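The chain contents come next:
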Amino acid sequence: MASPLYNGLTTHYMTNFFDRRLLLNGYITLAGSILLVVIIKMTTSIHLPFLAAAAISAGLGFIEPRRGWFLAILQVAFIWLGYELFTAPPRTTADAEIETFSLYGAMLLTFAGSFIGGLLKRALDKPNSR
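Owing to the predicted nature of the structure, the values given are computational and were not obtained by experimental measurement.

Overview of the packing of aromatic side chains
Then, number 1: Across all of its chains, the model carries 6 aromatic pairs by this definition.
Then, number 2: Aromatic side chains Phe18 and Phe70 sit 5.5 Å apart centroid to centroid with 80° between the ring planes, which places their arrangement in the edge-to-face category. Note that Phe18 is positioned in the segment before helix H1 (20-42) and Phe70 in helix H3 (residues 68-86), a separation of 52 residues in sequence.
Then, number 3: Here Phe18 falls in the exposed class, since its relative accessible area comes to 60%.
Then, number 4: Since its relative accessible area comes to 23%, Phe70 is described here as partly exposed.
Then, number 5: Centre to centre, the rings of Trp69 and Phe70 are 6.1 Å apart; their planes meet at 80°, and the pair counts as edge-to-face.
Then, number 6: Residue classification places Trp69 among the partly exposed positions, given a relative accessible area of 49%.
Then, number 7: Site record: aromatic cluster; members linked through ring pairs are Phe17, Phe18, Trp69 and Phe70.

Put into structure tokens, the structure is as follows:
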């Protein structure tokens, strides 16, 4: 007899949160974060970092529709730590302003993109209701 608490849910939703798939997707998140830090550091405008952040984070939401929020938090931490620990300070104040705006804008877009990617994946996985 199914427990009324779970109301017949499959065991898919009752598995461990930290599994092998999440670990592998964490490595993908790390690679995307490194790419974003390099783009933020090398570009002279805000457009490319924002485009890259939106695309990478939408991909994170797509590969992990239910746990994409965790990957988004992980990516934000990787971006900020990578920028603060592994990059040289900007040469001019104009470069500093562009990098700072790109950094924090990419961090905000990570959450929005992950949410949208997760919604898209869930919508595509939903069976047709005809």
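As for the environment of Ile46
Then, number 1: Looking at the element boundaries, Ile46 is found in the loop between H1 and helix H2 (47-63).
Then, number 2: When its relative accessible area of 25% is taken as the criterion, Ile46 is described as partly exposed.
Then, number 3: For the pair Ile46 and Ile98, spaced 52 residues apart in sequence, the C-alpha separation works out to 6.6 Å.
Then, number 4: If we skip the residues at most four places from it in the chain, Ile46 touches Ile98, Phe101 and Ser102.

Here's the deal with H3
Then, number 1: In this model, H3 (19 residues) spans 26 Å end to end at C-alpha, consistent with the 27 Å of a helix rising 1.5 Å per residue.
Then, number 2: Within H3, the full set of buried residues consists of Gly68, Leu71, Ala72, Gln75, Val76, Ile79, Gly82 and Tyr83. Down the axis, H3 shows its buried residues gathered within 145° of arc, on one side only.
Then, number 3: Along its buried surface, H3 packs onto H1, H2 and helix H4 (93-125).

Considering the packing of H3 against H4
When two helices pack together, their arrangement is given by the angle between their axes and by how far apart the axes lie.
Then, number 1: Viewed as axis vectors pointing N to C, H3 and H4 meet at an angle of 170°, and their least axial separation amounts to 8 Å. Overall, the two elements H3 and H4 adopt an arrangement that is roughly antiparallel. Touching Gly68, Trp69, Ala72, Ile73, Gln75, Val76, Ile79, Trp80 and Tyr83 of H3 are Glu99, Leu103, Tyr104, Met107, Thr110, Phe111 and Ser114, all from H4.

Thresholds applied
- Here, residues in each chain are numbered from 1, in the same order as that chain's written sequence.
- The model is predicted, so local features are restricted to residues of pLDDT at least 70 and side-chain atom pairs to those at 80 or more, both for listing and for counting; the totals for chains, interfaces and linings are taken over all residues.
- Derived side-chain values reflect all non-hydrogen atoms in the structure, with water molecules and hydrogen atoms excluded from consideration.
- What counts as a ring pair is set by centres within 6.5 Å for rings of Phe, Tyr and Trp (its six-membered ring), and what kind of pair is set by the plane angle: stacked under 30 degrees, edge-to-face over 60, tilted for all other angles.
- Helix and strand definitions here come from DSSP, where helices need a minimum of 4 consecutive H or I residues and strands a minimum of 2 consecutive E residues; each element is numbered from the N-terminal end.
- Residue burial is assigned from relative accessible area. The probe radius is 1.4 Å, only protein chains are included, and a residue is buried under 20% of its type maximum, exposed over 50%, and partly exposed in between.
- Here, two residues are considered to be in contact whenever any of their heavy atoms come within 4.5 Å of each other.
- Each residue after the first adds 1.5 Å to the expected span of a helix.
- Along the arc lie the directions from the helix axis toward the C-beta atoms.
- Only the stretch in contact is used when fitting a helix axis, every axis being a line fitted to C-alpha atoms; angles between N-to-C directions are given from 0 to 180 degrees.
- Should an angle fall under 35 degrees it is called roughly parallel, over 145 degrees roughly antiparallel, and 65 to 115 degrees roughly perpendicular, with every other angle called oblique.

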